Amino acid sequence: MEQTTYLADRKHAPATLGRVLVLGLGKSGTAAADYCLNLIGGRVSELAVAAGARNGAAERWAREAEARGAKVLFDHEVIEGAYDLCIASPGISEHSDFYRSAKAASAEVISEVEFAWRESAADARWVAITGTNGKTTTTALACHLLCEAGFAAQAVGNIGDPCIAAVAAGATEVYVAEVSSYQLASTRNFAPDVAVVLNITPDHLAWHGSLEAYAEAKWKVVANLVESDGAAVLNACDGTVRARIRAWRAADGVPFPYIPVGGAAGLGADMRATCGAANAAFRGDGGQLVVNLRGVEYPLIFVDDLKIKGGHNQQNALAAASCALLLGATATAVAEGLLSFAPLEHRIEPAGSVGDVECYNDSKATNVDATLVALTAFLPKRPIVLLGGRDKGTDLAPLVAACEEHALAVVCFGEARERFAAAFAGSKVPEVAEAPGMEAALDTALALARPGDVVVLSPACASFDEFSCFEERGDVFKRLVADRAARLKD
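### A few points about the overall build of the protein
Check the secondary structure of the protein and you find 19 helices and 20 strands. For the protein, the C-alpha radius of gyration of 24 Å lies close to 23 Å, the compact-globule estimate for 490 residues. Counting only C-alpha atoms and orienting by the principal axes, one finds that the protein spans roughly 70 × 55 × 45 Å. Per-residue burial over the protein gives 57% buried out of 490 residues. Sequence-distant contacts in the protein: of pairs separated by 6 or more residues, those separated by 24 or more amount to 67%. Within the structure as shown, the protein displays about 19,900 Å² of accessible surface, and the carbon and sulfur contribution to it stands at 50%. One way to put it: in the protein the 43 positive side-chain charges average out to a point 1 Å from where the 60 negative ones average out.

Right under this line is the structure:
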């Protein structure tokens with residue numbers, strides 16, 4: 001068998017890639033194909049792109065790619081031929097016929113994240129952040145903290161540029177990657193310097209086939225930490241994450257250094273005291289965020305000084321701070337970065353006030369678990385919550401119970417309105433209202449609100465009944481709030 005030769009200045013990049021297939025022409029697929037186009041005639045002997053369905057943008061890209069020597073296939077459900085490497089786009093399920101046929105035709109199938117890591121400089125460092133909820137905020141915050149500390153860091157993956165586009169640009173010292181279960185499922189050698197697991201709750205089950213397969217895809221983020229001498233940051237406030245830590249400890253111990261964030265008792269738990277962990281991140285006396293790493297205590301800032309609201313964001317802040325400290329950032333830079341970080345769009349984002357009623361845009365909350373987080377973000381206030389959109393059919397009992405405890409009122413809207421309203425019928429929520437769409441839901445909520453109240457769009461649903469994406473839904477909500485505020489001033 002011929003021995004593979006690897007480039008000395010890259011992580012794990014073969015000197016010759018051979019015949020390459022790119023599966024899918026979405027954002028990451030296009031970036032991978034563009035990278036490989038520049039290697040045709042050198043490391044890439046042949047490039048084929050299975051582009052999926054035809055559209056104007058794809059056909060324009062295909063014409064340019066074919067002029068440069070690539071072969072572009074449209075509307076192919078079955079991949080034929082023989083390829084040395086297939087780079088699969090994250091939207092294509094491993095269980096689809098399209099993926100299976102590509103796998104049968106290829107010596108190896110990997111994700112764009114894996115490909116980018118392999119092609120990155122040997123001395124580049126990677127932070128990989130995954131979880132069902134919170135990974136975008138944590139990724140953005142970790143990158144912000146590293147930049148504040150003087151690193152040339154860039155947020156990549158599901159946030160910012162595709163990983164391979166950043167690698168091609170060659171200007172990044174630390175890649176801070178938000179990685180989904182889709183991307184992790186097709187990784188093999190990917191070995192970040194720091195891996196973060198925030199939480200694991202049911203999501204994307206149709207893509208993965210089962211909750212177990214979804215969880216195992218998430219856990220692949222730590223699969224190669226031993227080989228990379230890497231470390232993990234694990235949110236021990238999450239029961240599933242905590243169970244995995246217990247399982248490791250019951251076997252041969254956790255096989256890599258790790259920082260647990262909080263514990264079974266919540267964010268105030270110090271896992272050094274409760275479980276004998278070597279490191280810990282927790283909320284200490286007076287609400288101060290603290291990271292203890294390798295026996296050194298780093299007291300950071302107080303939670304009331306964070307601009308991002310909610311207990312979940314305190315967990316995200318500690319996870320991001322742990323990443324930065326692990327990579328050598330100073331505690332002073334981390335603390336200053338935590339103070340200056342502002343909320344991201346569509347994630348419990350301040351959207352303005354209508355009179356004396358504060359409005360928040362949490363359009364990114366497309367599942368029940370994300371909305372549960374928003375309900376406790378305004379304590380001691382009880383928000384009026386806008387719930388609805390395209391129903392995902394998930395169990396609503398936890399949502400109803402949380403709204404009974406924390407919500408002043410709920411307004412059910414959109415395609416999900418009838419099922420959500422039925423779930424709240426007879427509940428202890430003080431007020432349950434219905435509206436046909438989001439605009440009417442906002443007006444209903446404002447009519448229910450009194451001075452000093454909070455109205456939050458945290459839908460627990462997809463946006464596709466009225467909008468093309470959650471971003472559009474959030475942008476429209478902010479415009480509607482601004483319009484209602486302007487009317488009051490006229």
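### Remarks on the pairing of strand S7 (residues 153–157)
Within S7, 4 of the 5 residues are buried, which leaves the element mostly enclosed by the surrounding structure. Sheet topology places S7 next to strand S8 (residues 174–178); 5 bridges connect them, and they run parallel. Within the sheet, the bridge partner assigned to Gly 157 lies in S8 and is Glu 178.

### Re the side chain of Asp 270
By secondary structure assignment, the location of Asp 270 is in the loop between strand S11 (258–261) and helix H12 (271–275). According to the relative accessible area criterion, Asp 270 is buried, its value standing at 16%. Within the structure, Asp 270 has its side chain in polar contact with the side chain of Arg 272 (distance 2.6 Å). Once you skip the residues sitting within four places of it in the chain, Asp 270 turns out to touch Ala 280 and Phe 282.

### Overview of the environment of Asn 292
Locating Asn 292 in the fold gives a position in strand S13 (residues 288–293). On a C-alpha basis, the gap between Asn 292 and Thr 274 in space is 14 Å, while along the polypeptide they are 18 residues apart. A polar side-chain atom of Asn 292 sits 2.7 Å from a polar atom in the side chain of Glu 297.

### Here we look at the sheet that holds strand S17 (residues 384–388)
If you trace the 6 strands from one edge of the open sheet to the other, you get S15-S16-S20-S17-S18-S19, paired in mixed fashion. Sheet topology places strand S15 (349–354) and strand S19 (432–435) at the edges, where each strand pairs with a single neighbour. The mean inter-strand angle of the sheet, taken between neighbouring strand axes irrespective of direction, is 20 degrees. With 3 bridges joining them, S17 and strand S20 (residues 454–457) adopt parallel strand pairing. Within S20, the position partnered with Val 385 by the bridge is Val 456. Against the sheet, helix H17 (residues 417–424) contacts S17, strand S18 (409–413) and S19, and its axis sits at roughly 150 degrees relative to S18.

### Focus: the pairing of strand S9 (residues 194–197)
Residues Val 194 and Val 196 point to one face of S9 and Ala 195 and Val 197 to the other, with burial holding for every one of them. Strand direction decides the pairing type here: strand S6 (residues 125–130) and S9, joined by 4 bridges, are parallel. Looking at S9, one finds that Ala 128 is bridged to Ala 195.

### Remarks on empty space enclosed by the protein
Unoccupied space between atoms shows up once a probe the size of one water molecule is rolled over them. Tallied over the entire structure, the rule returns 1 cavity of 30 Å³ or more. Computed from the structure, the largest cavity encloses a volume of approximately 40 Å³. What lines the largest cavity is a set of 10 residues, among which Ala 88, Ser 89, Pro 90, Tyr 182 and Ser 186 lie closest to the centre. Of the residues belonging to the lining of the largest cavity, the class tally is 6 nonpolar, 4 polar and no charged.

### Considerations on the pattern of salt bridges
Within this structure, the stated rule accounts for 24 salt bridges. For the salt bridge of Glu 216 with Arg 244, the shortest nitrogen-to-oxygen distance reads 2.6 Å. Placement of Glu 216 in helix H9 (residues 211–219) and of Arg 244 in helix H11 (residues 239–250) is noted, with a sequence separation of 28 residues between them. Glu 216 sits in the partly exposed class, given a relative accessible area of 42%. The closest approach of N and O atoms between Arg 272 and Glu 297, which form a salt bridge, is 3.6 Å. Taken together, the residues Arg 272 in helix H12 and Glu 297 in strand S14 (residues 296–302) connect sequence positions 25 residues apart. Residue classification places Arg 272 among the partly exposed residues on the basis of a relative accessible area of 27%. A relative accessible area of 40% places Glu 297 in the partly exposed class.

### Some words on the nonpolar core
Proteins that are soluble and globular tend to have nonpolar side chains buried together. Ranked by internal contacts, the top residues of the largest apolar core, which has 63 residues, are Leu 47, Ile 87, Phe 115, Trp 126, Val 222 and Leu 234. No other element matches helix H1 (residues 27–37), which puts 6 residues into this core. With sequence-adjacent residues up to four places away left out, Leu 47 is seen in contact with Val 20, Val 22, Ala 33, Cys 36, Leu 37, Ile 40, Ala 70 and Lys 71. With 47 residues, the next largest nonpolar core counts Val 127, Ala 142, Cys 323 and Leu 327 among its residues.

### Details of the sheet that holds strand S4 (residues 85–88)
Judged by pairing direction, the sheet is parallel, and its 5 strands sit side by side in the order S3-S2-S1-S4-S5 without closing on themselves. In this open sheet, the two strands that pair with only one neighbour each are strand S3 (71–74) and strand S5 (109–111). Taken pair by pair, the neighbouring strands of this sheet meet at an average axis angle of 20 degrees, ignoring direction. Relative to strand S2 (residues 44–52), strand S1 (residues 18–23) runs parallel, the two being bridged by 6 bridges. When the sheet's bridge partners are listed, Val 22 is paired in S2 with Val 49.

Each value, and the rule that gives it
Residues numbered from 1 in each chain as written. Predicted model: local features only at pLDDT ≥ 70, side-chain atom pairs only at ≥ 80, totals over all residues. Heavy atoms only, no water. Helix = DSSP H or I, 4+ residues; strand = E, 2+ residues; numbered from the N terminus. Rg over C-alpha atoms; globule rule 2.2 N^0.38 Å. Buried < 20%, exposed > 50% of the residue type's maximum accessible area, 1.4 Å probe, protein only. Contact = heavy atoms within 4.5 Å. Areas by Shrake-Rupley, 256 points an atom, 1.4 Å probe, with all protein chains shown as cover. Lys, Arg positive; Asp, Glu negative; His and termini not counted. Charge placed at Lys NZ, Arg CZ, Asp CG, Glu CD. Pairing = 2+ DSSP bridges. Polar contact = N/O pair within 3.5 Å; in protein donor to acceptor, adjacent residues only side chain to side chain. Axes fitted to C-alpha atoms, helices over the stretch in contact; angles between N-to-C directions. 1 Å grid on protein atoms, 1.4 Å probe; cavity = no way out; pocket = protein on both sides within 12 Å on 5 of 7 lines; lining within 4 Å. Points joined across faces, edges and corners; volume = space filled by probe spheres on them. Nonpolar A, V, L, I, M, F, W, Y, C, P; charged D, E, K, R; others polar. Salt bridge = Lys/Arg side-chain N within 4 Å of Asp/Glu carboxyl O. Core = buried A, V, L, I, M, F, W, Y, C linked by side-chain atoms within 4.5 Å.

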